[in-house]
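The chain contents come next:
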Amino acid sequence: KKASIGVTGLAVMGRNLARNLARHGHTVALHNRSEARTRTLVEQFGDEGDFIPAYSAQEFVNALERPRQIVIMVQAGGPTDAVIEEFAPLLEPGDVIVDAGNAHFADTRRREAALRERGLHFVGTGVSGGEEGALNGPSIMPGGSKESYESLGPLFEDISAKVDGDPCCTHIGADGAGHFVKMVHNGIEYADMQLIAESFDLLRGAAGYSPAETADVFSTWNTGRLESYLIEITAEVLKHVDGSGKPFVDIVEDAAEQKGTGRWTVQIGLDLGVPISGIAEAVFARSLSGSKPLRAAARGLAGPARTPLKGAALETFADDVEQALYASKVVAYAQGFNQIQAGATEYGWDIDLGAVASIWRGGCIIRAKFLNDITAAYAEDPALPTLLTAGAFRKAVEDAQDSWRSVISTAVQLGIPTPGFSTALAYYDGLRADRLPAALVQGQRDFFGAHTYRRVDREGSFHTLWATDSRDEVGA
Ligand code: NDP
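Residues numbered from 1 in each chain as written. Predicted model: local features only at pLDDT ≥ 70, side-chain atom pairs only at ≥ 80, totals over all residues. Heavy atoms only, no water.

> Help me understand the sheet that holds strand β4 (residues 69-72) in this model?
In sheet architecture, strand pairing relies on hydrogen bonds along the backbone and comes in two forms, parallel and antiparallel. Taken in spatial order, the 7 strands of this open sheet run β3-β2-β1-β4-β5-β6-β7, and their pairing is mixed. The open sheet has two edge strands, β3 (51-53) and β7 (139-142), and neither has a second partner. Sheet twist, expressed as the average angle between the axes of neighbouring strands with direction ignored, equals 25°. Pairing analysis gives 4 bridges linking strand β6 (residues 121-128) to β7, with the strands arranged antiparallel. Bridge pairing in β7 links Ser128 to Ser139. (Pairing = 2+ DSSP bridges. Helix = DSSP H or I, 4+ residues; strand = E, 2+ residues; numbered from the N terminus. Axes fitted to C-alpha atoms, helices over the stretch in contact; angles between N-to-C directions.)

Written as structure tokens, this is what we have:
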């Protein structure tokens with residue numbers, strides 16, 4: 001019997017993906033650079049399904065049905081190229097190589113083009129949900145050719161998370177589209193986490209809640225429109241009391257680390273010219289938290305008195321923060337989806353944004369009830385310019401704006417940093433403005449660099465002769 005799919009790279013992610021496939025009745029060929037991982041997998045989990053262990057690349061390739069489908073689950077970058085080069089010469093036209101690691105989408109585009117020349121399908125695939133998701137059902141975002149999805153799709157849909165019976169897997173688009181969408185998913189995840197962290201900081205710093213009390217607030221929020229995996233685990237983390245008897249959040253160093261996908265999202269946002277300020281602030285907030293010498297040097301800089309809230313303001317504060325969090329979250333997602341739209345335009349991908357929201361409802365880190373509303377918004381208008389103007393979101397954000405503004409005012413008054421909330425509101429106000437001071441910026445640019453400007457009342461481009469007393473205008 002031959003295997004319908006093979007997995008090479010059997011560290012935690014590859015092992016769990018292989019087990020997930022086997023548990024769903026698929027025969028899985030196994031391979032890893034060092035043999036020990038393959039042997040251990042078969043020894044420990046061999047009874048979970050049909051595995052064919054292989055101890056050489058040729059043996060692995062021979063174990064597979066045609067068209068062969070090989071999932072690579074190794075470190076992104078050089079190791080992925082090395083593994084592709086190991087297998088590609090052994091494959092035949094029509095075979096499929098899947099990279100399920102966290103590759104940069106530009107690498108995926110390069111690899112896809114090179115392998116297409118050799119008659120092979122290359123499918124860069126985003127996989128979200130960590131090791132638990134890989135085993136029990138991740139959210140899967142495959143790119144690559146439509147043709148490759150015909151054979152691969154059913155397998156991946158089978159092992160993906162399910163929500164309301166729908167698989168959390170769909171063909172995203174050609175070449176690097178899957179890894180691009182996974183990248184933006186991670187960027188949104190950064191923004192979501194930052195906004196939640198700011199909510200906690202405000203509840204504690206402005207309203208005087210203990211960590212345990214904030215945990216209760218998050219648990220309550222998790223029964224409403226904010227219901228999501230991240231809110232759920234936030235309550236768990238905040239409830240946790242360390243062995244020392246102190247709240248866990250107080251014994252952990254306040255320096256957030258990052259592995260780089262948030263940074264990629266921001267870099268590409270800059271390249272595409274998409275204002276993803278929520279994601280950018282979240283990445284910068286992590287950088288600031290980790291800038292130890294800078295923070296040490298600045299300790300002691302004056303701030304306002306931290307007079308805690310009292311009376312009516314205190315009473316409504318948790319609700320106000322919920323509104324601010326919700327509205328800021330809508331902005332972060334609106335920006336992220338705009339980035340996917342911009343990527344699709346730039347690289348010629350036909351991406352169904354509603355389907356993307358739908359496959360993020362389960363398995364992945366940003367899974368949330370809220371995503372149903374995004375799918376509904378794009379179902380109503382696939383060309384929606386921004387989620388902020390979609391029926392349900394528009395009303396909710398407009399209703400939230402008084403609280404949103406009041407929470408940010410409180411934060412400013414008390415000196416509590418809320419980069420995520422603040423940039424989200426600035427974006428909202430920027431988008432809805434009739435006139436922006438960008439007109440002045442154009443004037444400055446024209447003054448010092450003769451960069452020209454366009455007028456509201458006439459076609460063409462113009463330059464004012466700023467150096468002359470008459471300030472005559474020349475047009476083209
Ligand atoms: P690692 O990223 O730690 O990679 C270890 C695996 O890569 C091992 O199987 C190792 O083989 C193999 N490897 C490394 N270099 C080479 C090489 N030059 N040639 C052949 N094989 C090599 O494993 P993870 O399981 O943590 O992650 C796998 C991929 O999945 C990564 O791209 C990661 O970014 C991505 N990912 C991880 C998530 C997570 O939660 N961990 C979540 C989503 C995606 P050997 O055993 O011989 O050393």
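> What am I meant to see in the UniProt feature "binding site: substrate" (unreviewed entry) in the chain here?
When the UniProt feature table is mapped to this numbering, "binding site: substrate" (unreviewed entry) covers Asn102, Ser128, Gly129, Gly130, His185, Asn186, Tyr190, Lys259, Arg286, Arg445 and His451. Sequence-wise these annotated residues cover 350 residues; spatially they are dispersed, their C-alpha atoms as much as 48.7 Å apart. Residue placement: Arg286 occurs in helix α13 (residues 277-290). Discounting chain neighbours no more than four positions away, the residues touching Arg286 are Tyr190, Met193, Ala256, Glu257 and Gln258. Note that His451 resides in the loop between α20 (438-449) and β10 (462-464). Leaving out residues up to four positions away in the same chain, His451 has contacts with Arg445 and Asp446. (UniProt positions renumbered as here; feature names shortened; annotations may be inferred. Contact = heavy atoms within 4.5 Å.)

> Please explain the site of the ligand as it appears in this structure.
The environment of the ligand is made up of 19 residues, and the closest members are Met13, Asn32, Arg33, Ser34 and Arg37. Residue Val12 places a main-chain N or O atom 3.4 Å away from an oxygen atom belonging to the ligand. Taking Val74, its main chain carries an N or O atom lying 2.9 Å from an oxygen atom of the ligand. For the ligand, the accessible surface in isolation is 890 Å², of which the surrounding protein chains cover 77%. When contributions to the shell around the ligand are tallied by element, the ones reaching two or more residues are α1 (12-23) and α4 (78-87). Residues that form the shell around the ligand fall into these classes: 10 nonpolar, 7 polar and 2 charged. (Near = heavy atom within 4 Å. Polar contact = N/O pair within 3.5 Å; in protein donor to acceptor, adjacent residues only side chain to side chain. Areas by Shrake-Rupley, 256 points an atom, 1.4 Å probe, with all protein chains shown as cover. Nonpolar A, V, L, I, M, F, W, Y, C, P; charged D, E, K, R; others polar.)

> Would you explain unusual backbone geometry in this entry?
Backbone geometry follows two general trends: most residues other than glycine have a negative phi, and most peptide bonds adopt the trans configuration. For the peptide bond that leads from Arg66 to Pro67, omega is -10°, which places it in the cis range. With respect to the helices and strands, Pro67 occurs in the loop between α3 (57-62) and β4. The backbone of Asp175 sits at a positive phi, close to 30°, despite the residue not being glycine. Along the chain, Asp175 falls in the loop between β9 (166-167) and α8 (177-205). Assessed through its relative accessible area of 12%, Asp175 is described here as buried. One non-glycine residue, Ala450, lies in positive phi territory at about 50°. Following the sequence through the fold, Ala450 ends up in the loop between α20 and β10. (Buried < 20%, exposed > 50% of the residue type's maximum accessible area, 1.4 Å probe, protein only.)

> Can you help me understand the pattern of salt bridges in this one?
Side chains bearing opposite charge may pair, as long as their charged atoms lie close to each other. Applying the stated rule across the entire model yields 31 salt bridges. Here Arg19 ties to Glu48 by a salt bridge, and the two come within 2.8 Å at their closest N and O atoms. Remark: Glu48 occurs in the loop between α2 (35-45) and β3 and Arg19 occurs in helix α1; sequence separation between them is 29 residues. Residue Glu48 is classed as partly exposed on the basis of its relative accessible area of 23%. (Salt bridge = Lys/Arg side-chain N within 4 Å of Asp/Glu carboxyl O.)

> Sorry if this is basic, but what is going on with the nonpolar core here?
One recurring pattern in soluble globular proteins is that nonpolar side chains are buried together. Formed by 90 residues in total, the largest nonpolar core has its most connected members in Phe337, Ile351, Trp360, Ile374, Leu387 and Trp404. Among the elements that make up this core, the one with the highest residue count is helix α15 (residues 311-347) (15 residues). With residues near it in sequence (within four places) discarded, Leu387 still touches Tyr333, Ala334, Phe337, Ile374, Ala377, Tyr378 and Phe393. Core analysis: the next-biggest nonpolar cluster, separate from the first, contains 27 residues, Ile5, Leu21, Val71 and Val96 among them. (Core = buried A, V, L, I, M, F, W, Y, C linked by side-chain atoms within 4.5 Å.)

> Just checking my understanding: could you explain the state of the cysteines for this structure?
One way to say it: the disulfide is the covalent bond shared by the sulfur atoms of two cysteines. Using the criterion set out here, one finds 0 disulfides in the structure. As a non-bridged cysteine, Cys364 has Cys168 as the owner of its nearest cysteine sulfur, 7.2 Å distant. (Disulfide = S-S within 2.5 Å.)

> Explanation requested: helix α17 (residues 371-380) in the structure shown.
Owing to its 3.6 residues per turn, the α-helix aligns residues three or four sequence positions apart on the same side. Every buried residue of α17 is accounted for by Leu371, Ile374, Ala377 and Tyr378. What you see down the axis of α17 is that its buried residues fit within an arc of 110°, all on one side. What points out from α17, more than 90 degrees from its buried face, is the exposed set Ala379 and Glu380. Considering only its buried residues, α17 is in contact with α15, α16 (353-359) and α18 (391-414). (Arc of directions from axis to C-beta.)

> Even after reading the chapter, I still don't get the environment of Ser291, so can you show me in this structure?
Its location among the elements puts Ser291 in the loop between α13 and α14 (292-298). Relative accessible area serves as the criterion here: at 23%, Ser291 is assigned to the partly exposed category. For the pair Ser291 and Ile196, spaced 95 residues apart in sequence, the C-alpha to C-alpha distance is 21 Å.

> Teacher, can you tell me more about the packing of aromatic side chains here?
Aromatic rings in a pair are described by how distant their centres are and how their planes are angled relative to each other. Enumeration over the complete set of coordinates arrives at 15 aromatic pairs. Relative to Phe370, the ring of Tyr333 lies with its centre 4.9 Å away and its plane at 75°, an arrangement referred to as edge-to-face. On the criterion of sequence distance, the pair formed by Tyr333 in helix α15 and Phe370 in the loop between α16 and α17 is long-range, its members being 37 residues apart. The exposure classification of Tyr333 matches that of Phe370, with both residues buried. Taken together, the ring pairs in this structure connect Phe105, Phe180, Tyr347 and Trp349 into an aromatic cluster. The ring of Tyr229 is capped by Arg367, whose NZ or CZ atom sits 4.0 Å from the centre of that ring. (Phe/Tyr/Trp six-rings, centres within 6.5 Å; stacked < 30°, edge-to-face > 60°. Lys NZ or Arg CZ within 6 Å of the ring centre and 35° of its normal.)

> What's the story with the pairing of strand β1 (residues 5-8) in this structure? I'm lost.
Taken residue by residue, a regular strand's side chains alternate between the two faces of the sheet. Side-chain alternation along β1 places Ile5 and Val7 on one buried face and Gly6 and Thr8 on a second face that is also buried. The sheet contact formed by β1 and strand β2 (residues 28-31) spans 4 bridges and is parallel. Within the sheet, the bridge partner assigned to Ile5 lies in β2 and is Val28. For β1 and β4, the ladder comprises 3 bridges, and the chain directions are parallel. Considered in β4, the bridge of Val7 is made with Val71.

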